[in-house]
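# Per-entry structural report
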Amino acid sequence: MNKKVVNSVRETSPLIHHLTNQVVMNFTANGLLSFGGLPIMAKAEEEAKDIAKLADGVLINIGTLTQQELRAMITAGKSANRKGIPVVLDPVGVAATAFRTSAVNQILNKVQPTVIKGNAGELAHLVQIPWETKGVESLGDGNGEEIAYKVAETYQTTAVVTGKTDIICTGINIVKNDTGHPILGKITGAGCLLGSILSACLTTKDPIEEQVLTAVEFYGTAAEHAVNNSDVTGPGSFIPHFIDALSLDVDELLRGDL
Amino acid sequence: MNKKVVNSVRETSPLIHHLTNQVVMNFTANGLLSFGGLPIMAKAEEEAKDIAKLADGVLINIGTLTQQELRAMITAGKSANRKGIPVVLDPVGVAATAFRTSAVNQILNKVQPTVIKGNAGELAHLVQIPWETKGVESLGDGNGEEIAYKVAETYQTTAVVTGKTDIICTGINIVKNDTGHPILGKITGAGCLLGSILSACLTTKDPIEEQVLTAVEFYGTAAEHAVNNSDVTGPGSFIPHFIDALSLDVDELLRGDL
Amino acid sequence: MNKKVVNSVRETSPLIHHLTNQVVMNFTANGLLSFGGLPIMAKAEEEAKDIAKLADGVLINIGTLTQQELRAMITAGKSANRKGIPVVLDPVGVAATAFRTSAVNQILNKVQPTVIKGNAGELAHLVQIPWETKGVESLGDGNGEEIAYKVAETYQTTAVVTGKTDIICTGINIVKNDTGHPILGKITGAGCLLGSILSACLTTKDPIEEQVLTAVEFYGTAAEHAVNNSDVTGPGSFIPHFIDALSLDVDELLRGDL
């Protein structure tokens, strides 16, 4: 975990344009604010270009996608590419329906993502590796490294396969992260908020490997930290403490303060 | 309360397709995850059929309905009927506007709900029994049993009239539930999340009377349990503890653990 | 702070029709319920008139505006004007895009707001006073009084410029409020929920200066109260305690109970 990445986010308060799903908007906005970024969740196609002018990064998450929102996502992503700011794509549930598969294909045809992140089932689907999923959840356990390599290569991007162990492939190297806690699987939007934190970390001047690894390590460590709070008695009470933990300094987090 | 119903949900993690209102999506998803189900909140008509193929149940809640979402609700409901999985209809605020009344009529013309749940004002409106409402709230106190019977008979469904006492009519019998707490009236989406828990319970192999009664009893008992937590000082702090309580075993809940 | 205003809201439970952004719906609904109002968040244009018939006030917040929602906002606002109930306009991020600027102009051409509230950057933009903003956030520090006067005069309304010091101009007088806490800037929707509390206070029979000042003073004092709770360790744990504090009596709040 690179303190510099986290501190840079807090010094610059990057504005992240979220085109994300309705289920997690509030949680994501609060999590990013706590971490040190600024969310803007404009979703109209008409203003996607104007927002891109102001934004420092763009997050595209298709969790509750509609046809109308797809257009705004593509416009925002293209504008971000032109401006040279990072784009994170989170293809939530892409394997579940033809509509999502087609939408992600359309996005990938027009937008160059800096990072594609998702669970193994989602990213496997993007590169035609067989995988079992249930709705938006990924089941089974397989070769995450193969998936990460193939996504990075196919889409000329950095791939982040989330799971018990997160696997990051920048195209050349594979790095892994083991921080995190199973309780993240019992709350909605844990992966979605990670996409937002990732987008913020990608706006710093550090190498992408440092940025991505720091984002996932920090996120998982914050979850471990929050779950140890004696006031946490289940997923409901975990949420506010997790959001609190996202505001800590790297040192506080590692010492286990709070 | 039938432990078998709750345990079955936890063993099978049923995937519930939610076509629900934007106000409660996050709360509902977290509540269902805590209880043991899996939410998917796809709302595009284009993918409603594909999602139905994966889903174990469908929840239709019209709280922030638009014309576009209505089409997705009908497609999802019809697909669920064909597949033989349960459909719960929550006609939120149906009495408030002609748009909602017409929407619910369209749904009921094309979709056979397994359960219709709502407050007395909403269900009274479906069977033309006079009732006073204020927005989405039901006022007054009347013959809930008559309403439940008439809804069950008219729509060949199981009716759940929620209130201080919940009244359930499977068409033949009336059963009642007195668990719950007035604080549920001070948070948004208490009824909506119950619809989600109900949908999950309907996916087990138990008799419908057991499923429905267990859902409402468990839900009300979880509220009573949470409100007794010494950290709860109002509706805001009640919410996380209520979500926690939804994850408890029936025995823990009845013993008052936590 | 005028106790009468707060008590009147709690006696009458005003129904506030919210046409608001998707990020804050749940937080806003829970905050208003805790304070004593009733939220209804219908967003379809088709039912905007019917909802206005039931409503005691209307809140228009353009945070995640779409073209479709704009039509519903205008219909709801016009219906409220005809009925003589208060309308609050919160032009979130109006300076950020041409789409928002145009939307707010359309609203202001057809709807007479009782109150326009926003941060200095948003309200400055409405009266062509230069101001620096970042996304939906207002930066810098300038002449809030000039902005408030000019908005009140230009739009024949009461202007509320929120910030470290809130500045209220009813057209004649300027009044100020210094309650509040910086943590409100670390959670999403703090301004949005204030719009909702304001709408509820505007439904009482008190003079508008009393209504508006009470709303902002109460709101800021509730934040101060919540942040002092020993269970609050960051913005995540602040939220539930803030919602709790909104339910307190004015006396409890001022004494610092809980």
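Quick caveat, the model's predicted, so the values are computed rather than measured.

Each value, and the rule that gives it
- Residues numbered from 1 in each chain as written.
- Chains lettered and ligands numbered in written order.
- Predicted model: local features only at pLDDT ≥ 70, side-chain atom pairs only at ≥ 80, totals over all residues.
- Heavy atoms only, no water.
- Contact = heavy atoms within 4.5 Å.
- Buried area = accessible area lost by both parts, 1.4 Å probe.
- Salt bridge = Lys/Arg side-chain N within 4 Å of Asp/Glu carboxyl O.
- Polar contact = N/O pair within 3.5 Å; in protein donor to acceptor, adjacent residues only side chain to side chain.
- Helix = DSSP H or I, 4+ residues; strand = E, 2+ residues; numbered from the N terminus.
- Nonpolar A, V, L, I, M, F, W, Y, C, P; charged D, E, K, R; others polar.
- UniProt positions renumbered as here; feature names shortened; annotations may be inferred.
- Buried < 20%, exposed > 50% of the residue type's maximum accessible area, 1.4 Å probe, protein only.
- Pairing = 2+ DSSP bridges.
- Least-squares fit on C-alpha atoms with pLDDT ≥ 70 in both.
- Expected span 1.5 Å × (residues − 1).
- Arc of directions from axis to C-beta.
- Axes fitted to C-alpha atoms, helices over the stretch in contact; angles between N-to-C directions.

### Digging into the interface of chain A and chain B
On the side of chain B, 33 residues touch chain A, which itself brings 29 residues to the contact. Buried surface at the junction of chain A and chain B, summed over both partners, amounts to about 2400 Å²; 59% is from carbon and sulfur atoms. Our enumeration of links across chain A and chain B arrives at 1 salt bridge. Of the charged contacts in the structure, one is a salt bridge between Arg100 of chain A and Glu47 of chain B, with a shortest N-O distance of 2.7 Å. Taken together, the links from chain A to chain B amount to 12 residue pairs in polar contact (both at pLDDT 80 or more). Counting only elements with at least two residues in the side of chain A that touches chain B, the list comes to helix H4 (67–83), helix H5 (98–110) and helix H10 (235–245) of chain A. Per-element tally for the side of chain A that touches chain B: the top contributor is H10 of chain A, with 4 residues. Residue composition of the side of chain A that touches chain B, grouped by class: 11 nonpolar, 13 polar and 5 charged.

### Quick word on the UniProt feature "binding site: ATP" (unreviewed entry) in chain A
All names here are of chain A. UniProt tags Lys117 and Thr162 as "binding site: ATP" (unreviewed entry). In terms of the greatest pairwise C-alpha distance, the residues named above, spread along 46 residues, form a tight cluster of at most 7.2 Å across. Note that Lys117 resides in strand E5 (residues 115–119). Residue Lys117 is classed as buried on the basis of its relative accessible area, which comes to 2%. Every residue in contact with Lys117, bar those within four places of it in the chain, is listed here: Val88, Leu89, Asp90, Pro91, Leu123, Val160, Thr162, Gly191, Leu194, Gly195 and Leu198. A polar side-chain atom of Lys117 sits 2.8 Å from a polar atom in the side chain of Asp90.

### Quick word on the UniProt feature "binding site: substrate" (unreviewed entry) in chain A
Mapped onto the present numbering, the UniProt feature "binding site: substrate" (unreviewed entry) falls on Met41 and Gly189 of chain A. Its place among the elements puts Met41 of chain A in the loop between strand E2 (38–40) and helix H3 (45–54). Since its relative accessible area comes to 5%, Met41 of chain A is described here as buried. Contacts of Met41 of chain A, omitting those with residues within four sequence positions, involve His18, Thr20, Met25, Thr28 and Ala29 of chain A together with Val23 and Thr64 of chain C.

### What about the pairing of strand E5 (residues 115–119) of chain B?
Residue and element names in this part refer to chain B. Of all 5 residues in E5, 5 are buried; the element is thus mostly enclosed. Of the two faces of E5, the one lined by Val115, Lys117 and Asn119 and the one lined by Ile116 and Gly118 are each fully buried. Pairing analysis gives 2 bridges linking strand E4 (residues 87–90) to E5, with the strands arranged parallel. Residue pairing for E5: Leu89 is matched across the bridge by Ile116.

### Structural notes on the relation of the copies chain A and chain B
Turning chain A through 120° and shifting it by 0.0 Å along the axis lays it on chain B, with an RMSD of 0.0 Å. Taken together, the rotation and translation describe the operation of a three-fold axis. Relative to the rotation axis, the closest C-alpha in chain A is found at Gln22 of chain A, a distance of 3.9 Å. The share of interface residues of chain A whose copies in chain B are also at the interface is only 10%, consistent with the copies meeting through different surfaces.

### So, helix H5 (residues 98–110) of chain C
Residues and elements named next belong to chain C. Between its terminal C-alpha atoms H5 stretches 19 Å, which fits the 18 Å expected from 13 residues at 1.5 Å a residue. Of all the residues in H5, the buried ones are Phe99, Arg100, Ala103, Val104, Ile107 and Leu108. Angular distribution of buried residues about the axis of H5 spans 160°; they occupy a single face of the element. Exposed residues lying more than 90 degrees from the buried face of H5 are Ala98, Asn109 and Lys110.

### Details of unusual backbone geometry
A positive phi angle is found at Gln156 of chain A, which is not glycine, with a value near 45°. Topologically, Gln156 of chain A is positioned in the loop between helix H7 (144–155) and strand E8 (158–162). Its relative accessible area of 62% is what places Gln156 of chain A among the exposed residues. Phi at Gln128 of chain C takes a positive value of approximately 55°, unusual for a residue other than glycine. With respect to the helices and strands, Gln128 of chain C occurs in the loop between helix H6 (120–126) and strand E6 (133–134). With relative accessibility at 69%, the residue Gln128 of chain C sits in the exposed group.

### Looking at the environment of Phe238 of chain C
Residue and element names in this part refer to chain C. Structurally, the position occupied by Phe238 is in helix H10 (residues 235–245). Accessibility expressed as a relative area gives 0% for Phe238, which makes it buried. Each C-alpha atom of the pair Phe238 and Val88 lies 26 Å from the other, and the pair is 150 residues apart in sequence. Apart from the residues within four sequence positions on either side, Phe238 is in contact with Ile183, Leu184, Ile187, Ala223, Ala226, Val227 and Val232.

### Things to note about the sheet that holds strand E10 (residues 174–177) of chain C
Residue and element names in this part refer to chain C. Pairing in this open sheet of 8 strands is mixed, and the strands run E2-E1-E3-E4-E5-E8-E9-E10 from one edge to the other. Only two strands of the sheet have a single partner each, and these edge strands are strand E2 (38–40) and E10. Put simply, the sheet's adjacent strands are angled 20° from each other on average, direction ignored. Across 4 bridges, strand E9 (residues 166–169) lies against E10 in antiparallel orientation. Its bridge partner lying in E10, Cys169 is registered against Ile174. Against the sheet, helix H4 (residues 67–83) engages strand E1 (15–19), strand E3 (57–61) and strand E4 (87–90), with an angle of about 150° to E3.

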